[in-house]
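# Topology and contacts: notes
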Amino acid sequence: MANQNLNENELELINRYSRKELTEEEVYIFSVTLCDNEVDRDLERFSKSALYALAPLYEGKTGIFDHNARSSLQSARIFRTWVEADSSKKTSTGEPYYMLKARAYMVRTEDNKSLIEEIEGGIKKEVSVGCAMSSITCSICGADRKGFGCDHVPGKTYS
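In what follows, the accompanying structure is described. (Residues numbered from 1 in each chain as written. Predicted model: local features only at pLDDT ≥ 70, side-chain atom pairs only at ≥ 80, totals over all residues. Heavy atoms only, no water.)

On to the overall build of the chain, then. Tallying secondary structure elements over the chain gives three helices and four strands in all. With the C-alpha coordinates of the chain rotated into their principal frame, the extents come out at 60 × 35 × 30 Å. Taking all 159 residues of the chain together, 26% fall into the buried category. For the chain, long-range pairs separated by at least 24 residues make up 54% of all intrachain contacts whose partners lie at least 6 apart in sequence. Total accessible area on the chain is roughly 10,700 Å²; 49% of this is exposed by carbon and sulfur atoms. Of the charged side chains in the chain, 21 are positive and 25 negative; the average position of the first set lies 3 Å away from that of the second. (Helix = DSSP H or I, 4+ residues; strand = E, 2+ residues; numbered from the N terminus. Buried < 20%, exposed > 50% of the residue type's maximum accessible area, 1.4 Å probe, protein only. Contact = heavy atoms within 4.5 Å. Areas by Shrake-Rupley, 256 points an atom, 1.4 Å probe, with all protein chains shown as cover. Lys, Arg positive; Asp, Glu negative; His and termini not counted. Charge placed at Lys NZ, Arg CZ, Asp CG, Glu CD.)

Given below as structure tokens:
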């Protein structure tokens, strides 16, 4: 089954990570949003510049299940990333919406056939990225909350 969603040169990018030359029929390719500049459940958000800095760091990384890095739970590999703006959307803070997008691939096997169907059917569509930031800036006073912090409480409204 050929990939209708395979873009130009993507097979070449994928084969940078494979040990053998993969063909279009052997791979399943999909797009995913890794993270964005919207406030998350921890009341944190990535700045636009952080999204651009993160983009190259995710290329070549594997997708895993439930933050478990066991090799048996590795399911896909990211082969291309970029930052994309959605001009029709604003964040809850009123800023233009930006997201870190990725293209990933899996080798088609009998074992992952149902996973591919769940991705195509919109059942499996959310991801959670793991990373450590060098600083966390308070949006009120600009202090580094990771280093010395400040007295502002995340989620509290200040004038």
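Next comes the rest of the write-up.
This paragraph deals with the nonpolar core. Counting 22 residues, the largest nonpolar core has Phe-30, Leu-34, Cys-35, Leu-51, Leu-100 and Met-106 as its most contacted members. By size, the runner-up hydrophobic cluster in this structure holds six residues, among which are Ile-14, Val-27, Ile-29 and Tyr-105. (Core = buried A, V, L, I, M, F, W, Y, C linked by side-chain atoms within 4.5 Å.)

Here the focus is the packing of aromatic side chains. Enumeration according to the criterion identifies two aromatic pairs in this entry. Consider the rings of Tyr-28 and Phe-30, whose centres lie 5.5 Å apart with planes at 20 degrees: the pair is stacked. Phe-30 matches Tyr-28 in its accessibility class, with the two residues each being buried. Each ring, one from Phe-79 and one from Tyr-105, has its centre 6.2 Å from the other, and the planes form 55 degrees; the classification is tilted. A residue pair is termed long-range when its members are at least 10 positions apart, and Phe-79 in strand β3 (residues 76-90) and Tyr-105 in strand β4 (residues 96-107) qualify at 26 residues. Using a relative accessible area of 1% as the deciding quantity, one classes Phe-79 as buried. The exposure class of Tyr-105 is buried, given its relative accessible area of 7%. (Phe/Tyr/Trp six-rings, centres within 6.5 Å; stacked < 30°, edge-to-face > 60°.)

Inspection of the secondary structure puts Lys-113 in helix α3 (residues 113-120). Note: C-alpha distance between Lys-113 and Arg-145 (32 residues apart in sequence) is 44 Å.

Attention shifts here to the pairing of β3. When strand β2 (residues 62-63) meets β3, the two strands line up antiparallel, connected through two bridges. Following the sheet pairing, Thr-62 is matched in β3 by Arg-77. Where β3 meets β4, ten bridges bridge the pair, whose relative direction is antiparallel. Across the sheet, the residue bridging to Ala-85 is Tyr-98, located in β4. Linking two consecutive strands that pair antiparallel, namely β3 and β4, is a turn of five residues; a positive phi of about 90 degrees is found at Gly-94 within it. (Pairing = 2+ DSSP bridges.)

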